[in-house]
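Single-letter residue listing:
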Amino acid sequence: QLQLVESGGGLVQPGGSLRLSCAASGFAVDYYDIGWFRQAPGKEREEVSCISSSDGETYYADSVKDRFTISRDSAKNTVYLQMNSLKPEETAVYYCAAGSAGSCVSTRIPFTSWGQGTQVTVSS
């Protein structure tokens with residue numbers, strides 16, 4: 001059974017940094033596309049970043065480019081999201097999800113396994 005567990009959320013001041021972790025079990029992250037998403041209260045869920053299984057190519061929403069970095073540690077079977085220069089409007093629950101190859105680039109290939117989420121609050 002595929003399982004994902006997020007951690008690393010918390011309270012951070014504007015301009016601060018956090019690193020989120022997405023620990024996988026029941027499958028190897030190398031063989032799945034792994035995405036990070038966020039959902040703020042009253043807003044739709046949005047994809048923040050993704051790393052592909054095939055070649056490790058990374059993708060970012062325009063709003064987080066040059067501030068967020070997604071990475072994968074095969075030995076730890078974990079995907080990370082390093083978030084720098086955080087803004088108050090980025091307060092949300094952050095989720096990671098796994099999908100088959102192609103999920104990063106095609107909505108026709110859905111992410112099928114989701115973690116429980118971790119709260120990120122950016123506030124002074």
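Note that this is a predicted model, so its numbers are computed, not measured.

**Section: the overall build of the chain**
Here is step 1 of the chain: The secondary structure content of the chain amounts to zero helices and eleven strands.
Here is step 2 of the chain: Of the regular secondary structure in the chain, the N- to C-terminal order runs β-β-β-β-β-β-β-β-β-β-β.
Here is step 3 of the chain: Computed over its C-alpha atoms, the radius of gyration of the chain comes to 13 Å, within 12% of the 14 Å expected for a compact globule of 124 residues.
Here is step 4 of the chain: Counting across all 124 residues of the chain, residues that qualify as buried make up 43%.
Here is step 5 of the chain: For the chain, the share of sequence-separated contacts (at least 6 apart) that also reach a separation of at least 24 residues comes to 56%.

**So, the side chain of S103**
Here is step 1 of the chain: For S103, the location among the structural elements is in the loop between β9 (92–99) and β10 (111–114).
Here is step 2 of the chain: Accessibility expressed as a relative area gives 4% for S103, which makes it buried.
Here is step 3 of the chain: At 3.5 Å, the side chain of S103 and the backbone oxygen of P110 are in polar contact.
Here is step 4 of the chain: In contact with S103, not counting residues within four places along its chain, are D33, I109, P110 and F111.

**Some thoughts on the state of the cysteines**
Here is step 1 of the chain: Enumeration over the complete set of coordinates arrives at two disulfides.
Here is step 2 of the chain: Between the sulfur of C22 and that of C96 lies a disulfide, 2.1 Å long from S to S. Taking the torsion about the S-S bond as the criterion, the C22 to C96 disulfide, at about 75 degrees, is right-handed. Taken together, the residues C22 in strand β3 (residues 18–25) and C96 in strand β9 connect sequence positions 74 residues apart. Of the two residues, C22 and C96, neither departs from the other in class, the shared state being buried.
Here is step 3 of the chain: A sulfur-sulfur distance of 1.9 Å marks the disulfide that ties C50 to C104. The sign of the S-S torsion, about -80 degrees, decides the handedness of the disulfide formed by C50 and C104: left-handed. One end of the pair, C50, is in strand β5 (residues 46–51); the other, C104, is in the loop between β9 and β10, with 54 residues separating them in the sequence.
Here is step 4 of the chain: C104 gets classed as buried once you look at its relative accessible area, which sits at 12%.
Here is step 5 of the chain: In the chain, the bonded cysteines, taken in the order they occur along the sequence, pair up as 1-3, 2-4.

**Points about the nonpolar core**
Here is step 1 of the chain: In terms of nonpolar packing, the biggest core is built from 27 residues, with W36, V79, L81, M83 and Y94 touching the most fellow members.
Here is step 2 of the chain: Put simply, the parts of the chain that give this core at least two residues each are β3, β4 (33–39), β5, β7 (68–73), β8 (78–83), β9 and β11 (118–122).

**Observations regarding the environment of Y95**
Here is step 1 of the chain: Mapping Y95 onto the fold places it in strand β9.
Here is step 2 of the chain: Each C-alpha atom of the pair Y95 and L4 lies 9.2 Å from the other, and the pair is 91 residues apart in sequence.
Here is step 3 of the chain: Not counting residues within four places of it along the chain, the set of residues in contact with Y95 comprises E6, G35, W36, F37, Q39, W114, G115, Q116 and G117.

**Structural notes on the environment of C104**
Here is step 1 of the chain: Expressed as a C-alpha distance, the spacing of C104 and A92, which sit twelve residues apart in the sequence, is 21 Å.
Here is step 2 of the chain: Those residues in contact with C104 that sit more than four places away from it in its chain are D33, E47, C50, I51, S52, Y59 and F111.

Calculation rules
Residues numbered from 1 in each chain as written. Predicted model: local features only at pLDDT ≥ 70, side-chain atom pairs only at ≥ 80, totals over all residues. Heavy atoms only, no water. Helix = DSSP H or I, 4+ residues; strand = E, 2+ residues; numbered from the N terminus. Rg over C-alpha atoms; globule rule 2.2 N^0.38 Å. Buried < 20%, exposed > 50% of the residue type's maximum accessible area, 1.4 Å probe, protein only. Contact = heavy atoms within 4.5 Å. Polar contact = N/O pair within 3.5 Å; in protein donor to acceptor, adjacent residues only side chain to side chain. Disulfide = S-S within 2.5 Å. Core = buried A, V, L, I, M, F, W, Y, C linked by side-chain atoms within 4.5 Å.

These results come straight from atomic positions and should not be treated as a statement about function.
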